Structure formats: structure tokens, C-alpha cells
Amino acid sequence: MSSLRFCFTSLTICSPRTLLAIPPQRINTFCCCAKPSRQNDFISEANALQSSPPSASPKHSPFFGMDDTLVSYLCGKKKATDLAHMVWKHVVQKGDTVLDATCGNGFDTLAMLNLVADDSRKGYVFALDIQKDALDSTSILLEESLNLDERQLVKLVNICHSKMEEVVPRNALVRLVAFNLGYLPGGKKEIITRPETTFLALEAAERILMPGGLISIVVYVGHPGGREELEAVETFAARMPVENWICCKLRMVNRPCAPVPIFLFRR
Ligand SMILES: C[S@@+](CC[C@H](N)C(=O)[O-])C[C@H]1O[C@@H](n2cnc3c(N)ncnc32)[C@H](O)[C@@H]1O
């Protein structure tokens, strides 16, 4: 990782107490701005001052084995959506139930289906979008890419993601809820995800997610309303109890318009 240090500018030095005023989920991003040696001191001191979050051996953490993935994203070799797909791969298992909260052109839905489908036919993908055009586009991609049996493992639903609980059976254990926010590429740019409904959808996702599951969000900040939506997602993530959730945001400090991947792991 040392070769990556050039990515981080030495911007902000603050005391551990100031760090404590920041929600724990934001400390990682924040500390990317500090010089590494001081950064470590601050993190240790801040950790000592606050009650320690439950620790797990690295092998049992959702980050185990993801070093290369993170490095290729930080070096610019992978996009935010590629990173999200790679993180899903570490969490999702064959036979799982997962939900694509913004299916758009279907690339995420297809990636999810490939993760959950096997001969057991237990895996299932719910894919939601408010635009009929998006569902049609997803449907075409799935028809081109999957066989008939695999296509039956995907349910496309024309509904707002804040209502996902109307779609998923009450007793279903959902391993992944994924959001790829913003507008439909190639579609109408005025139809975008909105902070209010995104927030409600995140609350619904929190309710349906199983322990060991993941809420994955890619937030776009380059269009009007994008930054407000990022704030809404951060507000949601920041209040997640540290005992039950590991929440992180990967923001490139010197690329302010780059999409922001945010991962909320339920312990
Ligand atoms: C960036 S695109 C998604 C890209 C998609 N995941 C893919 O792989 O192609 C965002 C999508 O969110 C949809 N959307 C906007 N508001 C929504 C809402 N409240 N509920 C569900 N989908 C919504 C848009 O119609 C658009 O298709």
C-alpha cells in the first residue's frame, strides 16, 4: 500500500477527541487525509477513548482477501461498480436471495444472478426500478445472457425501492441489497433517485437484511441533487450501531466528482 500514499494529501490534522465527534464510520475516510504516522497515533488514541467495537479475526471479517480488489480500485484500474461487484463476491453465496434496488440496464442484476445461481435453483434476485424502460432493458439483457432456467430466478418489479418489503417474502433472508443511484444511462436524465426515497429504501433494506449481509451503494455526485443524496446516505450510515454494522465509504479526495462506493456490512 505504500506506493498508494501519493493519492492522499496531508490536509487535516485533528485531535483524537475531534475524531470521536465524527461517526466511527467516517473515521477511515477522514484519516486518509492525515500523514500515515500521525494517522495511526490518532486512530489508536481515538479507539482507546471510545468503547472498542467488537473485533473479529481478520479471517472472519468481510474484508478478508479483498486487498487486491481495493488496490486496483484505488489505483484507478477498476471503476466503483467493478469494486462493488468484487465486494459482493466476497459476501454472496450460491443459493442466496439478493435484491437490486435500481436495476436500470440490468448489469448489476446479471452480476447478482451469476453469484447466486447454481443447480439447487434456490438463488433468487429481486430487481426493482420505477422506470418501465429500465425493466425492459434489463429483461433484454437477461434474455441475451441467461438460459430459461436462470431467467426464472429473477423477478423484475416496477416499483419504488422504498417499497421493497412489498416484494420480498416476509421470511426471506436477504444477503445483499444493492443500490446504484442516479439516472439511467442512456435514459431520461431528469428521472433520478432522490434522497428522501433512497433514505426510506435504506431503512427498508436494513429491516430485510440477514446477519452477514451487505447493503452496497454507489452514489454519483456529478449531477444536480447527487451531493444531497450522498449526504442522505452518509446520514443513514453514520447512525448504524457499531456493534452490529461495519460501514465504510471509499472517497477519492482529489477526485471530487468520482462516484462514491459505500458498503454497510451487517455483522
Ligand atoms: C444508475 S441507474 C442503475 C444502473 C443499473 N444498476 C445497471 O446495472 O445498469 C439508476 C436507476 O435507478 C432507477 N430509480 C430511480 N428512482 C428509483 C426508485 N425510487 N426506485 C427504484 N428505482 C429507481 C432509475 O430509473 C435508474 O434506472
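Since this is a predicted model, take the numbers as computed values, not measurements. (Residues numbered from 1 in each chain as written. Predicted model: local features only at pLDDT ≥ 70, side-chain atom pairs only at ≥ 80, totals over all residues. Heavy atoms only, no water.)

## Some remarks on the overall build of the chain
- Of the regular secondary structure elements, the chain holds 10 helices and 7 strands.
- When each of the 267 residues of the chain is scored for burial, the buried share is 45%.
- Counted over contacts in the chain with a minimum sequence separation of 6, partners at least 24 positions apart contribute 72%.
- With an accessible surface of roughly 13700 Å², the chain has 53% of that area assigned to carbon and sulfur atoms. (Helix = DSSP H or I, 4+ residues; strand = E, 2+ residues; numbered from the N terminus. Buried < 20%, exposed > 50% of the residue type's maximum accessible area, 1.4 Å probe, protein only. Contact = heavy atoms within 4.5 Å. Areas by Shrake-Rupley, 256 points an atom, 1.4 Å probe, with all protein chains shown as cover.)

## Focus: the nonpolar core
- Grouped together as the largest cluster of nonpolar side chains are 36 residues, with contacts concentrated most on Trp88, Leu113, Leu176, Leu214 and Phe263.
- Taken together, the elements giving at least two residues each to this core come down to helix H4 (67-74), helix H5 (80-91), helix H6 (107-116), strand S2 (124-129), helix H7 (132-145), strand S4 (174-180), strand S5 (209-219) and strand S7 (260-266).
- Setting aside anything within four residues of it in sequence, one finds leucine 113 in contact with Val125, Leu146, Glu150, Leu153 and Val154.
- Val167, Ile208, Phe236 and Trp245 belong to the second largest nonpolar core, which has 33 residues in total. (Core = buried A, V, L, I, M, F, W, Y, C linked by side-chain atoms within 4.5 Å.)

## Quick look at the site of the ligand
- As a matter of local geometry, the ligand sits amid 22 residues, with Thr102, Asp108, Asp129, Gln131 and His161 nearest to it.
- Phenylalanine 107 is positioned with one of its backbone polar atoms (N or O) 3.2 Å from an oxygen atom of the ligand.
- Take aspartate 108: an N or O atom from its side chain is 2.7 Å from a nitrogen atom of the ligand.
- Protein contact buries 96% of the 600 Å² of open area that the ligand shows by itself.
- One can see that the ligand is located within the second largest pocket.
- Across the shell around the ligand, the residue classes break down as 11 nonpolar, 9 polar and 2 charged. (Near = heavy atom within 4 Å. Polar contact = N/O pair within 3.5 Å; in protein donor to acceptor, adjacent residues only side chain to side chain. 1 Å grid on protein atoms, 1.4 Å probe; cavity = no way out; pocket = protein on both sides within 12 Å on 5 of 7 lines; lining within 4 Å. Sits in = over half its atoms within 2 Å of the grid points. Nonpolar A, V, L, I, M, F, W, Y, C, P; charged D, E, K, R; others polar.)

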